[in-house]
Amino acid sequence: MENFICVQCGTQLLRLRNRPSRCPICEDERQYVRHTGQEWTTLEQLRRDHHNRMEDEAPRLLGIGTEPEFAIGQRALLLQSSGGNLLWDCISLLDGETVVEINARGGIRAIVISHPHFYSSMVQWAECFDAQIFLHATDREWVMRKSPRVQFWDGTTLSLWDGLTLINCGGHFEGGTVLHWPTGANGKGALLTSDIITVAHDRRYVSFLRSYPNLIPLGPAAIRRIVERIEPFLFEKIYGGWWQANVLSNAKAAVKRSAERYLRWISA
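Definitions and cut-offs
Residues numbered from 1 in each chain as written. Predicted model: local features only at pLDDT ≥ 70, side-chain atom pairs only at ≥ 80, totals over all residues. Heavy atoms only, no water. Pairing = 2+ DSSP bridges. Helix = DSSP H or I, 4+ residues; strand = E, 2+ residues; numbered from the N terminus. Core = buried A, V, L, I, M, F, W, Y, C linked by side-chain atoms within 4.5 Å. Buried < 20%, exposed > 50% of the residue type's maximum accessible area, 1.4 Å probe, protein only. Contact = heavy atoms within 4.5 Å. Salt bridge = Lys/Arg side-chain N within 4 Å of Asp/Glu carboxyl O. Axes fitted to C-alpha atoms, helices over the stretch in contact; angles between N-to-C directions. Parallel < 35°, antiparallel > 145°, perpendicular 65-115°, else oblique. Left-handed = near helix turned anticlockwise from the far one by under 90°. Nonpolar A, V, L, I, M, F, W, Y, C, P; charged D, E, K, R; others polar.

## A few points about the sheet that holds strand β13 (residues 177-181)
Next up, step 1: Read across the sheet, 6 strands follow the order β11-β12-β13-β14-β17-β18 without closing on themselves; strand pairing throughout is mixed. What marks the edges here is a single partner per strand, and that holds for β11 (157-159) and β18 (246-247).
Next up, step 2: In terms of strand pairing, strand β12 (residues 165-168) meets β13 through 4 bridges, oriented antiparallel. Directly across from Asn 168, in β13, lies its bridge partner Thr 177.

Structural data, given as structure tokens:
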């Protein structure tokens, strides 16, 4: 019996005797099945030829990403806070070196994930660090490995500890979530966004899509909802879903002008 991991999206499934024939997350229109077909691995196999790179993205914000690149190639963020550490998003690989490094920094109190493409091995991580997992209830159907550690929340916001707040923005997924970190950016505030609000390559703008690999846009109502949901929160910086995919100054203004640009072009 194995908890097989999808090679394309990195999602770990329930314990099975035989390799699954399909991955529901990859078959959804927002993702895709590779041309060579569905492929699976296991955590044990992944540990043999991959390792995790750990590097500070900012003070008290540790990036954790797998090398060589695996699945979608995202990196998670360990936000170190006095009330307990929070793992933002997740990756498939968990190995001994990663466990030692995270425990040296205080472990993990809770795991929060922006959307289903990054659910990865979240239950494995939660069990290892005795952590809770917070997911928005509207994305419940995409949880491929059930666990009592998963706590679903409803509504627009969820207050955690030390002023940390989850904000449901929707868009990419109905449960699409970002995290407001009020003490980030030297007290000016930061937003952890993954690709619910994705940082563009020039890092002066962000953008929004229903599907990134399949280039499916969002409509005006979805864009306006994202901007409205984050409006009450102050933030100077945005930390996206990949290494150095960050807006490091005037981030709130960057979201506003990016949304205006997006709306202008889809209505042209």
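## Digging into the nonpolar core
Next up, step 1: Leu 87, Ile 108, Ile 111, Met 122 and Trp 125 are the most contacted members of the largest nonpolar core, which totals 36 residues.
Next up, step 2: Going through the elements one at a time, β1 (2-6), α1 (24-27), β5 (61-67), β6 (75-79), α3 (96-104), α4 (122-129) and β9 (132-136) are the ones with two or more residues in this core.
Next up, step 3: No other element matches α4, which puts 5 residues into this core.
Next up, step 4: In this view, Ile 111 contacts Leu 87, Met 122, Trp 125, Ala 126, Ala 131, Gln 132, Ile 133 and Phe 134; residues no more than four positions away in its chain are not counted.
Next up, step 5: Counting residues in each nonpolar core, the second largest holds 26 residues, with Cys 169, Val 178, Phe 233 and Val 247 among its members.

## A short note on the pattern of salt bridges
Next up, step 1: As enumerated under the stated definition, the model contains 16 salt bridges in all.
Next up, step 2: Arg 210 is paired through a salt bridge with Glu 29; the nearest N and O atoms lie 2.6 Å apart. Here Glu 29 lies in the loop between α1 and β3 (40-41) and Arg 210 lies in the loop between β16 (206-207) and α5 (220-230), a separation of 181 residues in the sequence.
Next up, step 3: Using a relative accessible area of 25% as the deciding quantity, one classes Arg 210 as partly exposed.
Next up, step 4: A relative accessible area of 43% places Glu 29 in the partly exposed class.

## Some words on the packing of α5 against helix α6 (residues 251-266)
Next up, step 1: Contact geometry for α5 and α6: axes closest at 10 Å, N-to-C directions at 170°. With respect to each other, α5 and α6 are oriented roughly antiparallel. Considering the relative orientation of α5 and α6, their crossing is left-handed. Contacts between α5 and α6 pair Pro 220, Ile 223, Arg 224, Val 227 and Ile 230 from the former with Lys 252, Val 255, Ala 259, Tyr 262, Leu 263 and Ile 266 from the latter.
Next up, step 2: Taken together, the residues of the contact of α5 with α6 sort by class into 9 nonpolar, no polar and 2 charged.

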